[in-house]
There are 2 protein chains.
Amino acid sequence: MHLNPTDSLPDRKLRSRVAELLVVRASGHLEDQQRRYPRWELSNVALEQLLGRGVGGVILLGGSATELQQRTAQLQRWAQHPLLLCADVEEGVGQRFEGASWLVPPLALGRLYNQKPDRAVALAERYGRCTAEQARRCGLNWVLAPVCDVNNNPANPVINVRAWGENPTTAGTLAAAFQRGLSSAGVLGCAKHFPGHGDTTSDSHLDLPVLPHTRQRLEQIELPPFRAAIAAGVDSVMTAHLLLPELDRNQPATLSKTVLTALLRQELGFQGLIVTDALVMEAIAARHGAGEAAVLAFEAGADLILMPADAEAAIAALCEAFEAKRLPLERLDRALQRRRAALQRVIHQAKPETTISMNVDRQLEAELVQASLTTRSTAGIGAATGINLIRVDGVFPCPALQGTAPARQLPEQWGYRSVVIHGHGVSPWQDDPEAPLALDRLGEGPVVLQLFLRGNPFRGGKDSQEPWKAAVQQLQRVGRLAGLVIYGSPYLWEELEPVLEPHLPAAFSPGQMQEAQRQVLEALLEKSGSSIAPGDFTD
Amino acid sequence: MHLNPTDSLPDRKLRSRVAELLVVRASGHLEDQQRRYPRWELSNVALEQLLGRGVGGVILLGGSATELQQRTAQLQRWAQHPLLLCADVEEGVGQRFEGASWLVPPLALGRLYNQKPDRAVALAERYGRCTAEQARRCGLNWVLAPVCDVNNNPANPVINVRAWGENPTTAGTLAAAFQRGLSSAGVLGCAKHFPGHGDTTSDSHLDLPVLPHTRQRLEQIELPPFRAAIAAGVDSVMTAHLLLPELDRNQPATLSKTVLTALLRQELGFQGLIVTDALVMEAIAARHGAGEAAVLAFEAGADLILMPADAEAAIAALCEAFEAKRLPLERLDRALQRRRAALQRVIHQAKPETTISMNVDRQLEAELVQASLTTRSTAGIGAATGINLIRVDGVFPCPALQGTAPARQLPEQWGYRSVVIHGHGVSPWQDDPEAPLALDRLGEGPVVLQLFLRGNPFRGGKDSQEPWKAAVQQLQRVGRLAGLVIYGSPYLWEELEPVLEPHLPAAFSPGQMQEAQRQVLEALLEKSGSSIAPGDFTD
């Protein structure tokens, strides 16, 4: 990785300019051994070397907001030139970094828009502002949001509740409001995933989805939210790893000149940064080497290359392509100009503040939960010796149930022993389609059922294979369902709600955060003189 | 909580001097809502007020090492006078604060001492130095260790592997070596729990244990490690919440003048700080109000009051006792002198370093694991479609299994699906003493069994009720035990090892950290051409 001493000065200069196009992946933690995805997150030695050689951006994941403050300052010190520092904080900084605000998924506001459009728009703008303010306090200057995909396909495993709407108008209006919020706080935004990832049923993290739509259909459904975000001044657009054979029969959008240059740059007139989605994703990585993927993306019209599978290979291949005149140097000049112009728009803070989350942020978090809650029949869960059955995706870690989570603590105070079901636990299922829950494994008494379930990447169809409808019917049949809460997917709620007995206490919250748990359970649990036992004070 | 404007100046001065004696509890996180034990951890408003009124110390728990750096700086800013900043980091700073080094429990070196005394002593000193260096980098100046209790009772639910030895010589020699390590790095130590908590079978977090020993017996077993630590210059001694009727039939050690003044101060000649164990613990809190407990402790001879159940009440009661001359003011002068003298011994760092854990620390962590590992039969676990059955205490959170834990990942790469058993999961047990594991709930194939189990406070006898011996015999009987690892308790290992079939791959590691998992599993798993699947890169 060291500079070759025989390199001529122009070579080095080209290489450092090319390196500016790259956005590499790092953990938000400070220590190498804390990395949660060490296969994808560069070591500190590699990071320092790449940033020293001119790499221009870093995408961060993992750690607390306080750690992120230190981390971004450290990366910026290593770089000696202004960095683009970004994260996938679509649902507030707290979605990825503990201690910051974790907000309800965008689709919650998409649903609210149908009843109260003005309120939804106002909340979306505050949502963007809160995310940007906190990102800035953590040292980030680029938020990889808003999602501009229209989730018109409930079976979509990867977009789902991340979308701002299920129709183009809602999605576009709210994405634009969110972007205004970002801009007002001096942080860059990113409309994704161009030209629209909402109508897919496969996950581009795992495979290359194919979208059969014509140009005309795109104009009706997929493109309007991107047009709205662009009109609102969005600073960057992220490409989708989707094959659209009607537009380009050979290359996915990320590598397609037709999609990036002809459609996005020329027809839609987008003047900002075009950034690829992560090139390590299987949809790209399974088909092209790291160097060639970067060259193809840049050739198609991208300015920035996100998470190349091998940064050194990407730099080398791009340099070679410029030297061989496969790529014109004017494209490089233009991409770097756009990058610099974007950096000039972000507000640099002299000194990071210690406090990330302000009262106004907590107020917004609570308001969003409240505005998106559906309660069907309330205050009916009484104290009893029973089971608090909670379903989560995983527990290493499980942000929703950490620490003093109301979803565990409140039912426990009412007498319900928590039993947590997750992919790595003992199975609660038995081989009986009519009675799928193995009740003998759970214990006696009434069951408060809480399902944390939403579309998640990398899970394929696993979530939807769990027979929750039959399980709810089974529990009702034996008279043991005391209450039901769904945190996350409106589609699951719409599937289960119709089979519930008339007066069964039940609720749906799009948000899974502890504030949502508190609001839901305070509505469903009967007010009773529950007393809190003294409890542990250390671990 | 505001100052009463009618207070006279002398009142205020006394109150602020009394406040210096207190050590209150705070979370290591920066934000109130991140507190894991909000019942015990003061809010930031309350902390800032108490520190502003002169409270002299804070004990911290929770958060990452990086957060702790920011947190200690913040507390010190609020105080405007030098604080004692401490934590229960008996097993390295990483035991409580992620990102720092988590070292094997002290008893591992106690066992090593029986074979290689010089090596054990050298490692204990490096252990102390590593803990102190990292504590200092995080802004702590007081490490609440070494434990000087002699764990001569394997059923001890609260000391157990936290002790440096099972006999007085080993415990004293290693505790003194650890203390030398602390002193060499300029951080205060604390010998605990005086006069010796090793021979109890009940947990003082939950109840008041009674120790029937005579003064003569204490001289033989309990006191030598404290004498050794005092000779090594330990800066403070923490009292035990134990009733020793042969010494004082009325008051537990923490509140006993006989124990603290006559025995520790006069007979043992200890000149440093005497600090109570947490006064919120049930052994004290169930018997005395917050104010009276503080007065009784100070009257008995304590200098510092740790975690009073109510800091304001403790200050008020102490002031009243001084004003009423129940307590002589000379005692206050003397306690404050000792506190100031201790603070003068700690090295203040101009600026905290970003990096907490150095290469030399990681080297020590690995060496300690290696020196304390017992492997019985190695390299026998081959690739197979089976179950990786892991038992842990809990999962919210589970530091041992977080992120890329080898205990999960390595067996998974060899084909074993992880199933994690914990107190909040679906039960793996059935009602059959000869075959207690409900194998139908776990799935098919050979089982790699990994038990994370060690003495833990607040659990009572829960851990020892799990029938692991019968479960191991059951798995062997049906020919399904592929391997066994115990992380934690040497006593469990000694119970299970004799029933293992002759060539069964099995190992014991006192440490539960990921470095221990890596070393154990690399020894037990057959070298095979396992390939790592690409895997997730986000959550």
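In what follows, the accompanying structure is described. The shown structure was predicted, so the numbers you read here are calculated from the model rather than taken from an experiment. (Residues numbered from 1 in each chain as written. Chains lettered and ligands numbered in written order. Predicted model: local features only at pLDDT ≥ 70, side-chain atom pairs only at ≥ 80, totals over all residues.)

### Regarding the packing of helix H11 (residues 290-300) of chain A against helix H12 (residues 311-323) of chain A
Residues and elements named next belong to chain A.
Now for step 1: One can describe the packing of H11 onto H12 by two numbers: an axis separation of 7 Å at closest approach and a directional angle of 50°. It follows that H11 is oblique to H12 by the angle criterion. Note on packing geometry: the crossing formed by H11 with H12 is right-handed. For the pair H11 and H12, contact is made by Ala290, Gly291, Glu292, Ala294, Val295 and Phe298 and by Ala313, Ala314, Ala316, Ala317, Leu318 and Ala321, respectively.
Now for step 2: Looking at the contact of H11 with H12 residue by residue, the classes come out as 10 nonpolar, 1 polar and 1 charged. (Axes fitted to C-alpha atoms, helices over the stretch in contact; angles between N-to-C directions. Helix = DSSP H or I, 4+ residues; strand = E, 2+ residues; numbered from the N terminus. Parallel < 35°, antiparallel > 145°, perpendicular 65-115°, else oblique. Left-handed = near helix turned anticlockwise from the far one by under 90°. Contact = placed C-beta atoms within 7 Å. Nonpolar A, V, L, I, M, F, W, Y, C, P; charged D, E, K, R; others polar.)

### Here's the deal with helix H3 (residues 65-79) of chain B
Now for step 1: Taking 1.5 Å of rise per residue, 15 residues should cover 21 Å, and H3(B) covers 21 Å from first to last C-alpha, within 8% of that figure.
Now for step 2: Looking at the residues trailing H3(B), positive phi occurs at Gln80(B), about 65°. (Expected span 1.5 Å × (residues − 1).)

### With respect to the interface of chain B and chain A
Now for step 1: Facing 49 residues of chain B, the contacting portion of chain A comprises 49 residues.
Now for step 2: If you list the elements that add at least two residues to the side of chain B that touches chain A, you get H3 and strand S11 (416-421) of chain B.
Now for step 3: Of the residues in the side of chain B that touches chain A, the class split is 21 nonpolar, 19 polar and 9 charged.

### Some details on the relation of the copies chain B and chain A
Now for step 1: For the pair chain B and chain A, the best superposition has an RMSD of 0.0 Å and corresponds to a rotation of 180° with a translation of 0.0 Å parallel to the axis. Expressed as an axis order, the relation between the two copies is that of a two-fold axis. Closest approach to the rotation axis within chain B is made by the C-alpha atom of Val426(B), at a distance of 2.8 Å.
Now for step 2: Take the interface residues of chain B: 100% of them recur as interface residues in chain A, which is what a same-surface contact looks like. (Least-squares fit on C-alpha atoms with pLDDT ≥ 70 in both.)

### Section: the sheet that holds strand S5 (residues 190-194) of chain A
Residue and element names in this part refer to chain A.
Now for step 1: Spatially, the 3 strands line up as an open sheet ordered S5-S6-S7, and their pairing is parallel. Edge positions in the open sheet fall to S5 and strand S7 (273-275), since each of these has one partner strand only. Strand-to-strand twist in this sheet, taken as the mean axis angle between neighbours without regard to direction, amounts to 25°.
Now for step 2: Summarising the sheet, S5 and strand S6 (residues 236-239) pair through 3 bridges and their orientation is parallel. If you follow alanine 191 over to S6, its bridge partner there is valine 237. (Pairing = 2+ DSSP bridges.)

### A few points about the nonpolar core
Now for step 1: With 356 residues, the main nonpolar core has Val23(A), Val143(A), Ile305(A), Val143(B) and Ile305(B) as its most contacted residues.
Now for step 2: The residues contacting Val143(B), other than those within four sequence positions of it, are Val89(B), Thr131(B), Ala132(B), Ala135(B), Leu182(B), Val187(B), Leu188(B), Gly189(B) and Cys190(B). (Core = buried A, V, L, I, M, F, W, Y, C linked by C-beta atoms within 7 Å. Buried ≥ 20, exposed ≤ 12 C-beta atoms within 10 Å, placed from the backbone.)

### Topic: the sheet that holds strand S6 (residues 236-239) of chain B
Each strand in a sheet pairs with another by means of backbone hydrogen bonds, the pair being arranged parallel or else antiparallel.
All names here are of chain B.
Now for step 1: Taken together, 3 strands build an open sheet; the order of strands is S5-S6-S7 and the sheet is parallel. Of all strands in the sheet, those bounded by a partner on one side alone are strand S5 (190-194) and strand S7 (273-275). The average undirected angle you get between the axes of adjacent strands in this sheet is 25°.
Now for step 2: Examined bridge by bridge, S5 and S6 share 4 bridges and lie parallel to one another.

### A few points about the pairing of strand S11 (residues 416-421) of chain A
All names here are of chain A.
Now for step 1: Burial within S11 is extensive, with 5 of its 6 residues counted as buried.
Now for step 2: Summarising the sheet, strand S10 (residues 386-391) and S11 pair through 6 bridges and their orientation is parallel. Each residue of the ladder has a partner; that of asparagine 388, found in S11, is serine 418.
Now for step 3: A crossover connection joins S10 to the parallel S11 through helix H15 (residues 406-413); in handedness this β-α-β unit is right-handed. (Right-handed = clockwise from strand over helix to strand, strands pointing away.)

### A closer look at unusual backbone geometry
Now for step 1: With an omega of 0°, the peptide bond running from Phe396(A) to Pro397(A) counts as cis.
Now for step 2: Omega for the peptide link from Lys192(B) to His193(B) comes to 5°, which places this bond in the cis form.
Now for step 3: By the element assignment, His193(B) lies in strand S5.
Now for step 4: Backbone geometry places Gln80(B), a non-glycine residue, at a positive phi of 65°.
Now for step 5: Along the chain, Gln80(B) falls in the loop between H3 and strand S3 (84-87).
Now for step 6: Since 10 C-beta atoms lie within 10 Å of it, Gln80(B) is described here as exposed.

Read these as geometric descriptors, not functional statements.
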